[in-house]
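Listed below are the residues making up each chain.
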Amino acid sequence: MADVNILKEIGEFQENYAKLVAAKKLTKKAMCDLCVPFRDKYKLTDSQTLRIARKEMDISEMATLLTLNAD
């Protein structure tokens, strides 16, 4: 069940990022407010976090990173 929750969280994260981009409200502050909690929760780098937000990372790579780094 935890795996499904991670997938839901990724989906919400990507959707919220896309909404910021579409509304042209992707400021540095807005990006930090969205990305930093996700990054810290899963112990990711800034680059990994942005790749997930921008849908630039394969699901298999996300699964490996998030399950290895989850609390």
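Above this note sits the structure.
Presented here is a report on the structure given in the accompanying data block. (Residues numbered from 1 in each chain as written. Predicted model: local features only at pLDDT ≥ 70, side-chain atom pairs only at ≥ 80, totals over all residues. Heavy atoms only, no water.)

A look at the overall build of the protein
So, point 1. From N to C terminus, the protein includes four helices and zero strands.
So, point 2. In summary, the protein has a C-alpha radius of gyration of 12 Å against a globular reference of 11 Å for 71 residues, a match within 12%.
So, point 3. Overall size of the protein, expressed as C-alpha extent along the three principal axes, is 35 × 20 × 20 Å.
So, point 4. Sequence-distant contacts, at least 24 apart, represent 53% of the contacts inside the protein between residues at least 6 apart.
So, point 5. Surface exposure of the protein reaches about 4900 Å², of which carbon and sulfur atoms provide 57%. (Helix = DSSP H or I, 4+ residues; strand = E, 2+ residues; numbered from the N terminus. Rg over C-alpha atoms; globule rule 2.2 N^0.38 Å. Contact = heavy atoms within 4.5 Å. Areas by Shrake-Rupley, 256 points an atom, 1.4 Å probe, with all protein chains shown as cover.)

Section: the packing of aromatic side chains
So, point 1. With the rule as written, the count across this model stands at two aromatic pairs.
So, point 2. Ring centres 4.1 Å apart and planes at 5° place the aromatic pair F13 and F38 in the stacked group. Here the residue F13 occupies a position in helix α1 (residues 2–22), and F38 occupies one in helix α2 (residues 28–41), the gap between them amounting to 25 residues. Like F13, the residue F38 is buried in the burial classification.
So, point 3. For the pair F38 and Y42, a centre-to-centre distance of 5.1 Å together with 55° between the ring planes defines the contact as tilted.
So, point 4. Look at F38 and you get buried, because its relative accessible area is 5%.
So, point 5. Among the aromatic residues, those joined into a ring-pair cluster are F13, F38 and Y42. (Phe/Tyr/Trp six-rings, centres within 6.5 Å; stacked < 30°, edge-to-face > 60°. Buried < 20%, exposed > 50% of the residue type's maximum accessible area, 1.4 Å probe, protein only.)

A short note on the nonpolar core
So, point 1. I10, F13, F38, L44, I52 and L66 are the most contacted members of the largest nonpolar core, which totals 17 residues.
So, point 2. Counting residues per element, the ones that place at least two in this core are α1, α2, α3 (46–53) and α4 (59–69).
So, point 3. Ranked by the residues each element gives to this core, the list is headed by α1, at five residues.
So, point 4. Ignoring sequence-local partners within four residues, the contact set of L66 consists of I6, I10, F38, Y42 and L44. (Core = buried A, V, L, I, M, F, W, Y, C linked by side-chain atoms within 4.5 Å.)

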